[in-house]
Amino acid sequence: MKLSSTETYWPLKNAIKQSYPSIDSDIHTDILIIGGGITGALTAYKLLNEGKKIVLVDRRDVCGGSTSGSTALLQYEIDVPLHQLIKLRGARCAIDSYQNGKKAIFDLRNIIDTVGCDCGFEFKKSVYFTTLKKDVPYLKNEFKARKQHGFEISWLSRSELQKMGLNAIAGVESKTAAVMDPFKLATDLLFHCHEKGMQIFDRTNIASIQHQKGRILATTDSKHTITADHIIHCTGYESTETLKEKVVDLKSTYVITSESQSDLPEHFKNTIFWDTASPYHYIRTTEDNRIIMGGGDEDFKDTTKRDKLLPKKEAYLLKQFFKRFPDLDFKIDYSWAGTFGETKDGLPYFGKPNPRKNEHYILGFGGNGITFSVIGMNSILDSLNNKKNTDLDYYRFGR
């Protein structure tokens, strides 16, 4: 599956730090990770620190899938609001999931500091706002639910939002959010793991997987084999090719990025904005003073139809931006379309689809893909060791 159109911003911004070969021989390893994006990189980092022998493969260049098109909004808020998630999954799962997301942001910062990655990580505030009168009661319910369960938030009136340059009716401000360059972090993590001894093979597609006497045999398109005790699929939206259970509805999503600007207001640069529209729109800035805006999601049909819509979606997103921030400038410098996915409860999927097979998945679907990947990274050891784990239960297959 072609996961994004055109050339996205992050790979152009970053020179390739390290190239990796395709596989050219048969290999034995403890763990095979399939997928060399941010999820695979985080998982590899965790397991390498636990002394595991790991081989990582990707069917394209590493970080060339969804990671290259991610807008990397790091929020504890989930695509399904807390008050609705409580009804869907119960209070314990819902509240823990929001707390897990908050912890994941700080866990990610610790990893970045440990490996010394200059990926532009910055803490931000997050403003969840509405431009529609009919959504004000909905937003009030969300504010009440988060306040009741101890999240540090503030209610913002129309006049307070206008002082921020935002043309909206009401909003909820959260104190904990962040942004970063996901491509830079993923490539640096993989380089770090490679330097520590992990083997990485890109342009290496796994054509088949067989289970033989407690071992797993993965065969590549080039007929080479990787024999492993465990396989971890970090394949994101392409997991639909290997999973029997339908866990995600695929969407097409669109992004525009502005030229760099020298005069962005400080309050704008220090905040992530997203709205109550369905599908929602989101806005963030980069460390070099660009504005990124995304949204305009549609049901995914195929990559050709998705990509043909890009000029129309550019105009749509630009119009939506100026409705919300009429006093700011936005000249499009980059734009792209990507594949996105939604689960029925807005939550990820971790662990084994089949308890009898040592094939594990870490699938961080939705707008919280990176924070979900951090949560999955912290759960993977228990999945490998068949230990009980609350998160593996919350985010299990077959739920």
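Quick caveat: nothing in here was measured; it's all calculated off a predicted structure. (Residues numbered from 1 in each chain as written. Predicted model: local features only at pLDDT ≥ 70, side-chain atom pairs only at ≥ 80, totals over all residues. Heavy atoms only, no water.)

### Focus: the packing of aromatic side chains
Put simply, the rule is: What counts as a ring pair is set by centres within 6.5 Å for rings of Phe, Tyr and Trp (its six-membered ring), and what kind of pair is set by the plane angle: stacked under 30 degrees, edge-to-face over 60, tilted for all other angles. Labels follow the DSSP assignment, with helices taken as runs of H or I lasting at least four residues and strands as runs of E lasting at least two, numbered in each case from the N terminus. The buried label applies to any residue whose accessible area, calculated with a 1.4 Å probe on protein chains only, is under 20% of its type's maximum; exposed applies above 50%, and partly exposed to all values in between. Charge-over-ring placement is defined geometrically: NZ (Lys) or CZ (Arg) within 6 Å of the ring centre, and within 35 degrees of the ring normal.
A full pass over the atoms with the stated rule returns 20 aromatic pairs. Between F143 and W155, the aromatic rings sit 5.6 Å apart at their centres with planes inclined by 75 degrees, giving edge-to-face as the arrangement. With a gap of 12 residues between them, F143 in helix α6 (residues 136-148) and W155 in strand β5 (residues 153-156) connect regions that are remote in the sequence. Consider the rings of F273 and F325, whose centres lie 5.0 Å apart with planes at 70 degrees: the pair is edge-to-face. Here the residue F273 occupies a position in strand β12 (residues 271-275), and F325 occupies one in the loop between α11 (310-324) and β15 (332-342), the gap between them amounting to 52 residues. As far as the burial class goes, F273 and F325 line up, both buried. An aromatic cluster is built from F268, F273, F321, F322, F325 and F330, whose rings are joined through pairwise contacts. Geometry around Y349 places R399 over its ring, the cationic atom sitting 3.8 Å from the centre.

### Remarks on helix α4 (residues 82-89)
For clarity, the threshold we go by: Here, the arc refers to the directions that run from the helix axis to the C-beta atoms. The criterion used for residue contact is that any of the two residues' heavy atoms lie within 4.5 Å.
Of all the residues in α4, the buried ones are L82, H83 and L85. Buried residues along α4 cover an arc of 160 degrees about the axis, so they all sit on one side. The inward-facing, buried residues of α4 abut α5 (91-115) and α6. Following α4 by one or two positions, G90 has its phi on the positive side, about 90 degrees.

### Regarding the pattern of salt bridges
Going by this rule: Between Lys or Arg on one side and Asp or Glu on the other, a salt bridge is scored when a side-chain nitrogen of the former is within 4 Å of a carboxyl oxygen of the latter.
If you walk through the whole model with that rule in mind, you get 25 salt bridges. For E238, the salt bridge identified is with R59, shortest N-O distance 3.2 Å. Here E238, found in the loop between β10 (225-233) and β11 (249-258), pairs with R59, found in the loop between β2 (54-57) and α3 (66-69); they are 179 residues apart in sequence, far enough to count as distant. In this structure, K125 engages E173 in a salt bridge whose closest nitrogen and oxygen atoms are separated by 4.0 Å. Pair noted here: K125 is in strand β4 (residues 122-130) and E173 is in strand β6 (residues 170-179), with a separation of 48 residues, a long-range link. Residue classification places K125 among the partly exposed residues on the basis of a relative accessible area of 35%. Under the relative-accessibility criterion, E173 is labelled buried at 9%. Connected via shared salt-bridge partners are R59, R60, E238 and E241.

### Remarks on the nonpolar core
Rules: Residue types Ala, Val, Leu, Ile, Met, Phe, Trp, Tyr and Cys, when buried and joined through side-chain atoms within 4.5 Å, form a set referred to as a nonpolar core.
Formed by 78 residues in total, the largest nonpolar core has its most connected members in L108, M180, L185, L190, M198 and I232. The element contributing the most residues to this core is α5, with nine residues. Counting 22 residues, the second-largest nonpolar core is a separate cluster that includes L156, Y254, I283 and F321.

### Some points on the environment of L190
Here L190 shows up in helix α8 (residues 182-195). Aside from chain neighbours lying at most four places away, what touches L190 is Y20, G36, A41, L56, V62, C63, M198 and I200.

### Some thoughts on the confidence of the model for the chain
Test applied: Scored between 0 and 100, pLDDT is the confidence that the predictor attaches to each residue.
In the predicted model, the chain carries a mean pLDDT of 93, and 96% of its residues have values of at least 70. Note on residues 1-5: pLDDT is under 50 here. Beyond four places in sequence and across chains, it has 30 contacts.

### Looking at the packing of α4 against α6
Note the cut-off: All axes are obtained by fitting lines to C-alpha atoms, using only the stretch in contact for helices, and the reported angles, taken between N-to-C directions, cover 0 to 180 degrees. In these notes the angle categories are as follows: under 35 degrees is roughly parallel, over 145 is roughly antiparallel, 65 to 115 is roughly perpendicular, and the rest is oblique. When residue character is reported, Ala, Val, Leu, Ile, Met, Phe, Trp, Tyr, Cys and Pro are called nonpolar, Asp, Glu, Lys and Arg charged, and the others, Gly included, polar.
Put simply, α4 and α6 touch, their axes get as near as 7 Å, and they point 75 degrees apart. One way to sum up the angle between α4 and α6 is to call them roughly perpendicular. Of the residues in α6, those touching α4 at L82, H83 and Q84 are Y138, N141, E142, A145 and R146. Here the contact of α4 with α6 is built from residues that sort into three nonpolar, three polar and two charged.

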